[in-house]
There are 2 protein chains.
Amino acid sequence: MRIGELARHAGTEVETVRYYEREGLLPPPPRDASGYRRYGPAQLQRLAFIRHCRAFDMPLAEIRELLDFLAAPERSCQHINDLIDQHLARVRTRIAGLQALERQLSELRSHCASGQRAADCGILQELLAALPADDAPG
Amino acid sequence: MRIGELARHAGTEVETVRYYEREGLLPPPPRDASGYRRYGPAQLQRLAFIRHCRAFDMPLAEIRELLDFLAAPERSCQHINDLIDQHLARVRTRIAGLQALERQLSELRSHCASGQRAADCGILQELLAALPADDAPG
DNA sequence: GCTTGACCCCGTAGCGACTCCAGACTGCAG
DNA sequence: CTGCAGTCTGGAGTCGCTACGGGGTCAAGC
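Residues numbered from 1 in each chain as written. Chains lettered and ligands numbered in written order. Predicted model: local features only at pLDDT ≥ 70, side-chain atom pairs only at ≥ 80, totals over all residues. Heavy atoms only, no water.

As recorded by an unreviewed UniProt entry, chain A carries the name Cd(II)/Pb(II)-responsive transcriptional regulator and is attributed to Plasticicumulans acidivorans.

Caption draft 1: Structural view of the packing of helix H1 (residues 3–10) of chain A against helix H3 (residues 41–55) of chain A. Residue and element names in this part refer to chain A. Between H1 and H3, the shortest axis-to-axis distance is 9 Å and the interhelical angle comes to 45°. One way to sum up the angle between H1 and H3 is to call them oblique. Of the two possible hands of crossing, H1 and H3 adopt the one that is right-handed. The segment H1 lies against H3, with Leu-6, His-9 and Ala-10 engaging Gln-43, Leu-44, Leu-47 and Arg-51. (Axes fitted to C-alpha atoms, helices over the stretch in contact; angles between N-to-C directions. Helix = DSSP H or I, 4+ residues; strand = E, 2+ residues; numbered from the N terminus. Parallel < 35°, antiparallel > 145°, perpendicular 65-115°, else oblique. Left-handed = near helix turned anticlockwise from the far one by under 90°. Contact = heavy atoms within 4.5 Å.)

Caption draft 2: Summary view of the protein's contact with DNA strand D. Around DNA strand D lies a shell of 20 residues, among which Tyr-20 and Ser-34 of chain A together with Gly-4, Arg-18 and Tyr-36 of chain B are the nearest. Here Arg-18 of chain B contributes a side-chain N or O atom positioned 2.6 Å from a phosphate oxygen of DNA strand D. With respect to DNA strand D, the side chain of Arg-31 of chain B contributes an N or O atom lying 3.1 Å from a phosphate oxygen. At four residues, the largest contribution of residues to the surface near DNA strand D is made by helix H2 (residues 14–22) of chain A. Among the residues forming the surface near DNA strand D, the class breakdown is eight nonpolar, four polar and eight charged. (Near = heavy atom within 4 Å. Polar contact = N/O pair within 3.5 Å; in protein donor to acceptor, adjacent residues only side chain to side chain. Nonpolar A, V, L, I, M, F, W, Y, C, P; charged D, E, K, R; others polar.)

Caption draft 3: Quick look at the interface of chain A and chain B. Opposite the 59 residues of chain A that make contact, chain B presents 59 residues. Carbon and sulfur atoms supply 70% of the area buried between chain A and chain B, which totals about 5,400 Å² over both sides. The largest contributions to the chain A side of the interface with chain B come from Phe-56, Leu-105 and Leu-127 of chain A, which together make up 11% of the buried area. Run the count over chain A and chain B and you get six salt bridges. The residue Arg-92 of chain B makes a salt bridge to Glu-102 of chain A at a minimum N-O spacing of 2.7 Å. Across the contact surface, chain A and chain B share eight residue pairs in polar contact (both at pLDDT 80 or more). Looking at the side of chain A that touches chain B, the elements with two or more residues in it are H3, helix H4 (60–70), helix H5 (78–109) and helix H6 (122–128) of chain A. If one sorts the elements of the side of chain A that touches chain B by residue count, H5 of chain A sits on top with 20 residues. (Buried area = accessible area lost by both parts, 1.4 Å probe. Salt bridge = Lys/Arg side-chain N within 4 Å of Asp/Glu carboxyl O.)

The structure is reproduced here in structure tokens:
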């Protein structure tokens, strides 16, 4: 299979496949007489694994670590669990941060009805009143 | 005030201030005899405004638009409301996506207890079983 | 044989919002 | 005078792609 077919099966882009190869996540495949990359099912499985991890929003560095475990089936998978736990913690932290952000934005939004002059806009007023007293210059 | 003090008051980094200047969010300030940037309270207020917006996770392009309103107090602030509404919608979409991700990750995590061989790790199994049947090559 | 179009190659630059670095200069305290 | 913190400039690095430009290859249709 050539790169376009591989990408299609994995639901991604040709450029992304070449990018993963450059980054060392996919091994350089053999080439045919025209220099085209030729892939087998094992490469597709590996690519699908990567895309599956990316769908979980994992950074490539972590995916790299997970890929190492595919090649070392006898190793303890404790580190895998740790990676997932850490990632889960990151996601939860991010959610909490965004929820706080959403509350603040809703509050901000409530300060202005539509169609006023910018000078009277409660939103701009709020955004301008951003200097904590102890940080203000003397 | 010099750039370090300005940055400290705004709770940010010197490099960030210079970056904002390069990006046109802060006007180039006057320089003293040694070429050091000298700032007044107005610049600090503007920088604090930007950082406040960034704390709301707004992209610099939107902040640029909001800054335009500070210079045009007679304009209608309808566009400001629209910007906040759009941003709020983005934040809510992102939260929903991350919550779905969190559920999937928790599910994934439940597939493996600690200390097994990688070959038996339920997490790796799940990640590998990523190929939908209709996408698999013939 | 010739064109058209889809596919592939490589290398490079761009995104957003910083962050860090090298190498030089300035300002102030001890 | 020495040392160190602060500042200057320009450029590169981060992350995960994405989009270009300029070419080669291949199968089908005329």
